[in-house]
Every structure is written in C-alpha cells, then in structure tokens.
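# Per-entry structural report
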Amino acid sequence: MGVGWDAGLAATKVHPPVPPARLVRRPRLHDVLDEAADSTVRLVLVSAPAGAGKSTLLAGWVAGRSDAVAWLQAEEGDSDPVCFWRYLIRAIDTAHPIADDDLKSLVASSKGDDSVVVTALVNELTTLDRDLIIVIDDHHLIADASVQRGLERFIDLCPSQITLVIATRFDPPFRLGRLRVRGQMTEVRAADLRFGFGVHGRGRLVQDQDRRVFEHGPRDRKPLFLAAGQFDAPFADQGVVPIGQRGDELVRVGRWVRHPDLRTGRQTVRRPETAAFE
C-alpha cells in the first residue's frame with residue numbers, strides 16, 4: 001500500500017486485540033456467533049452497556065476462527081467519512097488484500113461519499129474467494145449520518161461471504177426490524193453477556209473439593225477479574241469481581257485476593273464469598 005494512503009492511519013486500530021491471558025470461555029455465545037458467521041446472516045449486532053464484555057467476547061471468538069478477520073477499533077474521529085472509509089478499507093486489506101489504487105483514490109476524490117464508496121467496495125469484495133468477518137468495535141462513537149447510511153447500504157449489498165459484526169453501547173440507526181424479519185441479523189444483548197449468580201436453584205453452589213482447587217492450588221488457578229457490569233445482582237455494584245474457572249463454570253474465589261481498582265490502578269484486598277456462576 002502506498003505511503004500516502006497509510007499516512008495518518010494508526011496500525012493498531014485495524015488489528016484484533018489480543019485476548020486476555022485468563023480469558024473466560026463463552027462457548028454458548030461463541031456457538032451463536034459461529035452459527036451467524038456460517039449462515040446467510042449479514043449483521044451480527046452486539047449491543048450492551050460499557051463493561052459488559054463485548055470486545056472481550058469478540059476478540060476471543062475471532063481468535064478461534066479460521067476466517068479472515070478485519071477489525072476496526074472505532075474512535076470519535078472516524079465520524080469523518082473519508083477517515084472512516086480509509087480505515088475500514090485498510091482493515092479489510094490487512095485481513096485479505098483487496099484494495100487497489102482505484103478504490104483508494106475514489107475515497108479521497110469523492111470525499112467519502114457513501115453512495116460512491118460503498119458500491120466500489122462491494123464490487124471489490126465480490127472477488128473474494130473466502131469468507132471474511134468485518135468487526136467494527138465501539139461503533140457508537142461514529143456520529144456522522146453519511147457513515148451510518150453507508151454502513152446500512154453496505155449491509156444490504158454485501159456479498160454472501162461477508163459478515164459484518166458491530167459492537168456498540170446502543171443500537172445503530174439502521175432499519176433493524178427489516179433485518180430481523182428477513183432473518184439477516186443475529187443479536188447479542190446485555191442479558192446474553194451477563195453472568196448469573198448460581199444460588200437457590202439458579203445454579204449449584206461450589207462443592208468443598210472445588211473450593212480447595214481455587215483456594216489452595218494448583219498454582220496456575222489464578223483468579224480472573226471481570227467488570228461487575230457482567231454480573232447479575234448482588235455483585236453489580238462491587239467494581240471488579242475476582243473469579244476462577246472450572247470447565248465452563250465460573251467460580252467466585254473463596255480466599256483473600258488482591259485486585260486492581262480500574263479507575264485508580266491501586267491494589268485493594270478483599271475476601272469474597274465462594275459461589276458458582278453459570
């Protein structure tokens with residue numbers, strides 16, 4: 001790609017984030033996403049408040065896929081149409097080379113006109129001989145109406161080998177009802193992302209031997225830290241929740257643990273109760 005095209009583009013915005021070392025597996029949600037990517041679904045909408053685990057879920061999911069993955073980490077500056085389409089094409093080109101000089105020039109000469117750029121981009125993507133997943137993370141930061149209009153048109157026109165995944169804090173201004181009726185959209189909402197507290201019939205409490213695994217070893221059973229927004233009450237107001245994992249089950253670690261405050265970066269010590277999540 002030419003130097004002029006790349007000038008001013010941050011390379012880290014167009015690469016999927018590395019999943020956390022102590023990633024909580026979400027097999028049920030991964031199955032939902034897999035089914036969407038392997039079908040005729042055009043849009044996967046992951047819509048939930050901040051801290052719900054949207055980016056972590058998608059980063060873990062795409063890491064296990066064999067498809068080419070184009071990832072765009074959106075920022076407020078991407079509300080500029082030229083900037084947005086440059087970044088999106090760069091993300092796609094990073095995952096699977098498609099962008100020729102004519103397409104790049106068209107973005108600049110049309111000033112990011114969605115009616116021009118989307119048509120050219122769709123035509124370019126029809127030449128792909130493999131599936132491509134395009135992820136736009138933090139989509140809610142994009143405020144420009146023409147960019148939103150262009151994305152909706154892109155969803156309507158994109159070839160069958162393309163799946164667009166949007167992670168956002170609130171729904172995009174698309175005609176989502178039409179996509180639902182046509183069976184062209186899969187939705188993951190806050191309720192789907194939230195872990196439930198297993199108690200009194202809603203899950204099983206941890207057995208004594210399970211507690212010992214997390215309280216006394218093995219050494220690699222380190223606690224995980226999740227934003228409390230990913231949990232149902234009674235933990236929704238406790239900042240960061242330390243847990244362990246046993247198979248597909250999340251377990252609140254029953255020992256004194258040291259964990260960071262996300263706002264101050266300071267370490268605090270707390271002894272949480274031991275219980276199971278599912």
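Residues numbered from 1 in each chain as written. Predicted model: local features only at pLDDT ≥ 70, side-chain atom pairs only at ≥ 80, totals over all residues. Heavy atoms only, no water.

With 41 residues, the main nonpolar core has L121 and F154 as its most contacted residues. In terms of residue count, helix 4 (residues 81-95) provides more of this core than any other element does, seven residues in total. Excluding its chain neighbours within four sequence positions, the residues that come into contact with L121 are W85, L88, I89, I92, I98, L103 and F154. Membership of the second largest hydrophobic core comes to 22 residues, among which are A37, V41, A48 and W61. (Core = buried A, V, L, I, M, F, W, Y, C linked by side-chain atoms within 4.5 Å. Buried < 20%, exposed > 50% of the residue type's maximum accessible area, 1.4 Å probe, protein only. Helix = DSSP H or I, 4+ residues; strand = E, 2+ residues; numbered from the N terminus. Contact = heavy atoms within 4.5 Å.)

All told, the structure shown has one aromatic pair when counted by the stated rule. Residues F84 and W85 carry aromatic rings whose centres are separated by 4.9 Å and whose planes lie at 80° to one another, so their mutual orientation is edge-to-face. Both residues of the pair, F84 and W85, count as buried. Its end group placed over the ring of Y87, K13 keeps NZ or CZ at 4.4 Å from the ring centre. (Phe/Tyr/Trp six-rings, centres within 6.5 Å; stacked < 30°, edge-to-face > 60°. Lys NZ or Arg CZ within 6 Å of the ring centre and 35° of its normal.)

The buried count for strand 3 (residues 132-137) comes to six of six residues, which makes it a mostly enclosed element. Burial along strand 3 is two-sided: L132, I134 and I136 and I133, V135 and D137, pointing in opposite directions, are all buried. In this structure, strand 2 (residues 68-73) lies alongside strand 3, joined through six bridges in parallel fashion. Counted as the bridge partner of A70 is I134 from strand 3. In this structure, strand 3 lies alongside strand 4 (residues 162-168), joined through five bridges in parallel fashion. Residue pairing for strand 4: V135 is matched across the bridge by V165. Once you follow strand 3 into helix 7 (residues 145-157) and on to strand 4, the crossover reads as right-handed. (Pairing = 2+ DSSP bridges. Right-handed = clockwise from strand over helix to strand, strands pointing away.)

Below, the discussion takes up the confidence of the model for the protein chain. Put simply, the protein chain has an average pLDDT of 76, and 67% of its residues get 70 or more. Ranking the elements of the protein chain by mean pLDDT puts strand 12 (residues 275-277) last with 33 and strand 1 (residues 43-47) first with 98. Low pLDDT (under 50) marks residues 231-260, which in the prediction has 127 contacts with non-local residues, meaning those over four places away or in another chain. (pLDDT = per-residue confidence, 0-100.)

Now for the pattern of salt bridges. Applying the stated criterion across every chain, the model contains 12 salt bridges. Salt bridges linked by common partners bring D34, D38, R65 and D67 together as one network. (Salt bridge = Lys/Arg side-chain N within 4 Å of Asp/Glu carboxyl O.)

Mapped onto the elements of the fold, Q148 is located in helix 7. Residue classification places Q148 among the buried residues on the basis of a relative accessible area of 7%. A polar contact of 2.8 Å, which involves the side chain of Q148, links it to the backbone oxygen of I142. Among residues more than four places away in sequence, those in contact with Q148 are H139, I142, P173 and F174. (Polar contact = N/O pair within 3.5 Å; in protein donor to acceptor, adjacent residues only side chain to side chain.)

Contact geometry for helix 5 (residues 101-109) and helix 6 (residues 114-125): axes closest at 9 Å, N-to-C directions at 165°. With respect to helix 6, the axis of helix 5 lies roughly antiparallel. Read as a crossing pair, helix 5 and helix 6 show a hand that is left-handed. Contact residues: helix 5 offers L103, L106 and V107, while helix 6 offers V116, V117, A120, L121 and E124. (Axes fitted to C-alpha atoms, helices over the stretch in contact; angles between N-to-C directions. Parallel < 35°, antiparallel > 145°, perpendicular 65-115°, else oblique. Left-handed = near helix turned anticlockwise from the far one by under 90°.)

A word on the sheet that holds strand 3. Here we have five strands laid out as an open sheet, ordered 2-3-4-1-5, and parallel in their pairing. Two strands close off the open sheet at either side, each with one partner strand: strand 2 and strand 5 (185-189). In this sheet, adjacent strand axes meet at a mean angle of 15° when their direction is disregarded. Relative to strand 5, helix 2 (residues 27-37) is tilted by about 160°, and along the sheet it contacts strand 1, strand 3, strand 4 and strand 5.

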